[in-house]
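# Residue-level structural notes
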Amino acid sequence: MASERAGVIPKPDLTELEGRTYSCIEGCALCCLCQPELLPNEERVFNGDPDLRRGVVSAHISPDVRGAALRLKGSHGACHFLTERRCSIYDRRPHFCRTFPLNVFVGWRIQLNANLSCRGLDLPGVDLSSLGIELLSEYGNRRLSRELSSAAKVFAQFENNANDASVSQSTASVRGAVSILGDELTDDIGLSRLMTYAEYGNTAQDSPPADLVRAVREAEPEADIHQRALIDGVELFDLADLSHLPVYVAPDLSWKLFRLKGGSIIGWELEDSGETREFCKIDPTSVDLLPLTTRGRRALQRYIDIVNARDCFLGHAAYLCDLEGYEFNFGQVYIGAIANSAIDLWWRASLMAQLAGADSLGRDEIREGVIFFDMDMLDLPTIGAFI
Ligand code: SF4
Ligand code: SF4
């Protein structure tokens, strides 16, 4: 990870957006469930208008977000300003709402990601690269420079710490290794080898990708990936606060929540008002990783490739490395985190496919899994920041 000099704005990385378009689907409003935060100037405008002021709260549901935000109906429903799945203040909606389905991540450079939970992605319409450039221009160079300068310091500190602990590994090396390990990342035995490597592998500082790949392929497949998928998959639904549960926007545009309660996974349909209606109750042990068809495996690999290229994910692995006290080589932490994500997505897609009556995962089933899962991925704790 090369640090950039403060004040110089490197060319933003728009690779994930290239060749992609989007059109907002009327009646979807998934992004109106993600509580929009207000920029300081927007807070002044909203608080200065009696109608807008009613929709403002002083604290966001996430303790990590500071400043004012828009009110959610029933504390975990849709935005106060959503009426019959339409924005009632469309021309005055905050910057946060206008950025969807894009995310701007600032690490050692600026990178734009697409939010793959948006069903409107890849429909003919707005060119995402052009939208990204337009969005970046709204931030202004001064703000971007300030954000970059502060994120670069965090990344530089991480690099120093990793070097001091002799666990450093270059971005090119970890990403290169993952791009070679596509078959292992979509196979239960391969994933088991990856998990053994992540936990017990022995990697020298600054190894080339081939060394990491060899170490993975030589690792014993010890972990039961099906068991692990179940434990980790269910854990993501084990949250007391409904506003923090992942939301799935189904093909019929209903919003669905899943929560672990009394040992069962309870599926709820979420109403605009925040009210919920139970529609299914599942024994978690009945959900297993479904077999991948050839097209399903390719779709899963494509998703892993996207994640592998995201700087926010690299920042997430750096966050984990720091959390674990630099005990493990960064290559092990990164590859372990990627393997975990592949397992979680596979399980999530299996859950949705089982509910839909499918017994294998093709391209469409993986796509549904990605729609349900990607929002969580973009929310992972990371060093660097989305702005
Ligand atoms: S998630 Fe995408 S399709 Fe749905 S409302 Fe938001 S931008 Fe539109
Ligand atoms: S302000 Fe409008 S676009 Fe933004 S979250 Fe609320 S209803 Fe949705």
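If you're wondering where the values come from, they're calculated on a predicted model, not measured in any experiment. (Residues numbered from 1 in each chain as written. Chains lettered and ligands numbered in written order. Predicted model: local features only at pLDDT ≥ 70, side-chain atom pairs only at ≥ 80, totals over all residues. Heavy atoms only, no water.)

Where burial is concerned, most of strand 10 (residues 255-261) is hidden: five out of the seven residues are buried. Here strand 9 (residues 247-249) pairs with strand 10 via three bridges, running antiparallel. Bridge pairing in strand 10 links Val247 to Leu257. Two elements, strand 10 and strand 11 (residues 264-270), share seven bridges in a ladder whose sense is antiparallel. Across the sheet, the residue bridging to Arg259 is Ile266, located in strand 11. Linking two consecutive strands that pair antiparallel, namely strand 10 and strand 11, is a turn of two residues; a positive phi of about 55° is found at Gly262 within it. (Buried < 20%, exposed > 50% of the residue type's maximum accessible area, 1.4 Å probe, protein only. Helix = DSSP H or I, 4+ residues; strand = E, 2+ residues; numbered from the N terminus. Pairing = 2+ DSSP bridges.)

Another aspect to go through is the site of ligand 1. In the vicinity of ligand 1, the contacting residues are Tyr22, Cys24, Ile25, Cys28, Ala29, Leu30, Cys31, Phe100, Cys118 and Gly120. Of the residues belonging to the shell around ligand 1, the class tally is nine nonpolar, one polar and no charged. (Near = heavy atom within 4 Å. Nonpolar A, V, L, I, M, F, W, Y, C, P; charged D, E, K, R; others polar.)

What follows is about the confidence of the model for the protein. Of the residues in the protein, 98% have a pLDDT of 70 or more, and the chain-wide mean is 93. Note that residues 2-6 has pLDDT below 50 and, in this model, eight contacts with residues that lie over four places away or in other chains. (pLDDT = per-residue confidence, 0-100. Contact = heavy atoms within 4.5 Å.)

That bond from Phe100 to Pro101 is cis: its omega, 10°, falls within 30 degrees of zero. Within the fold, Pro101 resides in the loop between helix 3 (95-99) and strand 6 (102-106). The backbone of Tyr326 shows a phi angle near 55°, a positive value even though the residue is not glycine. Mapping Tyr326 onto the fold places it in the loop between helix 11 (311-323) and helix 12 (330-355).

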